[in-house]
2 protein chains.
Amino acid sequence: MTVRTKQHPSVSSPTGLAHLANDLRLACMRISRRVRFESTDAVAPHQFSVLARLAEEPRTPRELAGIERVSAPSMTRTVAGLVERGLVSRQDDPTDGRQVILSLTPAGQTLLKDTRRRRDQWMAARLQSLSVEERETLARASEILLRVAGE
Amino acid sequence: MTVRTKQHPSVSSPTGLAHLANDLRLACMRISRRVRFESTDAVAPHQFSVLARLAEEPRTPRELAGIERVSAPSMTRTVAGLVERGLVSRQDDPTDGRQVILSLTPAGQTLLKDTRRRRDQWMAARLQSLSVEERETLARASEILLRVAGE
DNA sequence: TATTGTTATACTCTATAACTATA
DNA sequence: TATAGTTATAGAGTATAACAATA
């Protein structure tokens with residue numbers, strides 16, 4: 001006799017799709033929450049986001065504000081804090097005197113890397129207790145989810 | 001010839017495990033972020049968390065503060081706001097005069113349900129564009145993730 | 001005149017410390 | 001004396017409005 005904790009009659013029926021959407025959203029939110037709670041980060045979430053964006057490429061405050069969905073003055077504050085801590089550096093845009101170009105300092109790169117490693121530790125510990133099949137399922141799922149989140 | 005977007009040499013080797021942990025954490029955090037951004041909720045995240053906890057069972061402010069990892073005064077404020085909006089009701093504990101028992105009002109239950117439905121909509125829309133196999137993978141993954149998050 | 005960024009000001013959520021009521 | 005909850009106060013993040021500098 002097989003025991004199933006959840007009813008997923010079909011992943012294609014309207015009801016099944018709604019259930020899957022709910023379970024998946026809940027699962028992702030709970031994992032995110034646990035990761036945040038378990039790792040005591042050196043920077044606040046909104047600061048971390050900015051560091052991650054600047055690691056991709058240097059950006060202006062306005063670009064960051066748009067990406068992070070906060071107001072320009074809020075981003076001014078956030079960036080000021082990161083600059084003060086030596087994690088981000090400012091540079092005048094040579095082609096447009098109104099703009100400022102922000103980029104990560106070596107210290108900022110190090111902190112970002114360390115923070116990510118610490119966050120991964122909790123997750124890695126949990127994964128170790130799973131079966132190979134379960135880990136393979138999660139590997140396939142993470143590819144799909146990253147694609148979905150990027151749309 | 002199979003094309004893989006990511007290198008997962010093995011989900012069991014130390015390196016593969018670390019990669020999987022990183023991908024999975026990233027995927028969950030990005031999905032959570034998108035869900036939050038796409039749905040303009042009637043209550044703030046910390047208020048939503050409290051409503052969800054009280055939907056499970058009535059609790060005291062102190063219990064909520066512990067679960068949500070905030071100070072007692074912060075929870076006092078959060079709860080006061082929810083009570084003022086008619087979403088949560090207070091009741092004196094008959095066995096201990098110091099304690100207060102908090103529970104959801106019908107309005108709170110309705111709002112919680114509506115908020116969850118709205119959050120699911122974005123996710124359900126994305127799932128529709130996936131193949132049946134991908135949805136089945138995500139269904140299995142969500143079971144595993146919910147179990148892992150609950151540990 | 002439009003745009004980038006900052007400053008001024010106010011509101012919210014958070015915390016710690018001090019206080020009240022009850023056990 | 002210890003615990004549950006609140007109030008007092010301060011710090012940090014967010015927002016809108018107003019301003020400065022540049023395009």
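A.B. asks: Explain the protein's contact with DNA strand C here, please?
C.D. replies: Neighbouring residues of DNA strand C: 21 residues in total, closest A:Arg62, A:Thr76, A:Arg90, B:Ser71 and B:Ser74. Within the contact set of DNA strand C, a phosphate oxygen lies 2.8 Å away from a side-chain nitrogen or oxygen of A:Arg90. Side-chain polar atom of A:Arg98 to a base oxygen of DNA strand C: 3.1 Å apart, as the coordinates give it. Of all the secondary structure elements, the ones that give two or more residues to the surface near DNA strand C are helix H3 (61-68) and helix H4 (72-84) of chain A together with helix H4 (72-84) of chain B. It is H4(B) that provides the largest number of residues to the surface near DNA strand C, a total of four residues. For the surface near DNA strand C, the class distribution of residues is six nonpolar, eight polar and seven charged.

A.B. asks: What am I meant to see in the relation of the copies chain B and chain A here?
C.D. replies: Screw-axis analysis of chain B against chain A gives a translation of 0.1 Å along the axis, an RMSD of 0.2 Å, and a rotation angle of 179°. When the rotation and shift are considered jointly, the pair of chain copies conforms to a two-fold rotation axis. For chain B, the minimum C-alpha distance to the rotation axis belongs to B:Cys28 and amounts to 2.2 Å. An overlap of 98% is found between the interface residues of chain B and their copies at the interface of chain A, pointing to a shared contact surface.

A.B. asks: Help me understand the interface of chain B and chain A, please; the structure alone is not making it clear to me.
C.D. replies: When the parts of a complex come together, some accessible area is lost, and that lost area is often taken as the interface size. Taken together, the contacts link 57 residues of chain B with 58 residues of chain A. Buried surface at the junction of chain B and chain A, both sides included, amounts to about 5600 Å², of which 67% is carbon and sulfur. Run the count over chain B and chain A and you get eight salt bridges. Two residues, B:Asp120 and A:Arg25, come together in a salt bridge whose shortest N-O distance is 2.6 Å.

A.B. asks: Would you mind showing me how to read the protein's contact with DNA strand D here?
C.D. replies: Residues in contact with DNA strand D amount to 21 residues; listed here are only the nearest, A:Ser71, A:Ser74, A:Arg77, B:Thr76 and B:Arg90. Counting only the atoms of DNA strand D within 4 Å of the protein, the fraction contributed by sugar and phosphate is 68%. Backbone polar atom of A:Ser71 to a phosphate oxygen of DNA strand D: 2.6 Å apart, as the coordinates give it. Within the side chain of B:Arg90, a nitrogen or oxygen atom sits 2.8 Å from a phosphate oxygen of DNA strand D. Looking at the surface near DNA strand D, the elements with two or more residues in it are H4 of chain A together with helix H3 (61-68) and H4 of chain B. For the surface near DNA strand D, the leading source of residues is H4(A), giving four residues. Looking at the surface near DNA strand D residue by residue, the classes come out as six nonpolar, eight polar and seven charged.

A.B. asks: I would appreciate a short explanation of the pattern of salt bridges in the present structure.
C.D. replies: A pair can form between side chains of opposite charge whenever their charged atoms are brought close. All chains considered together, the criterion is met by 26 salt bridges over all chains. Measuring nitrogen to oxygen at the nearest pair gives 2.8 Å for the salt bridge that ties B:Arg33 to A:Glu68. Of this pair, B:Arg33 sits in helix H1 (residues 14-38) while A:Glu68 sits in helix H3, on two different chains. Of the charged contacts, one joins B:Asp41 and B:Arg119 as a salt bridge, the two residues approaching to 2.6 Å between their closest N and O atoms. Here B:Asp41 is found in the loop between H1 and helix H2 (45-56), whereas its partner B:Arg119 is found in helix H5 (residues 106-128), with 78 residues between them in sequence. Overlapping salt bridges bring together A:Arg33, B:Arg53, B:Glu56, B:Glu57, B:Arg59 and B:Glu68 as one network.

What counts as what
Residues numbered from 1 in each chain as written. Chains lettered and ligands numbered in written order. Predicted model: local features only at pLDDT ≥ 70, side-chain atom pairs only at ≥ 80, totals over all residues. Heavy atoms only, no water. Near = heavy atom within 4 Å. Polar contact = N/O pair within 3.5 Å; in protein donor to acceptor, adjacent residues only side chain to side chain. Helix = DSSP H or I, 4+ residues; strand = E, 2+ residues; numbered from the N terminus. Nonpolar A, V, L, I, M, F, W, Y, C, P; charged D, E, K, R; others polar. Least-squares fit on C-alpha atoms with pLDDT ≥ 70 in both. Contact = heavy atoms within 4.5 Å. Buried area = accessible area lost by both parts, 1.4 Å probe. Salt bridge = Lys/Arg side-chain N within 4 Å of Asp/Glu carboxyl O.

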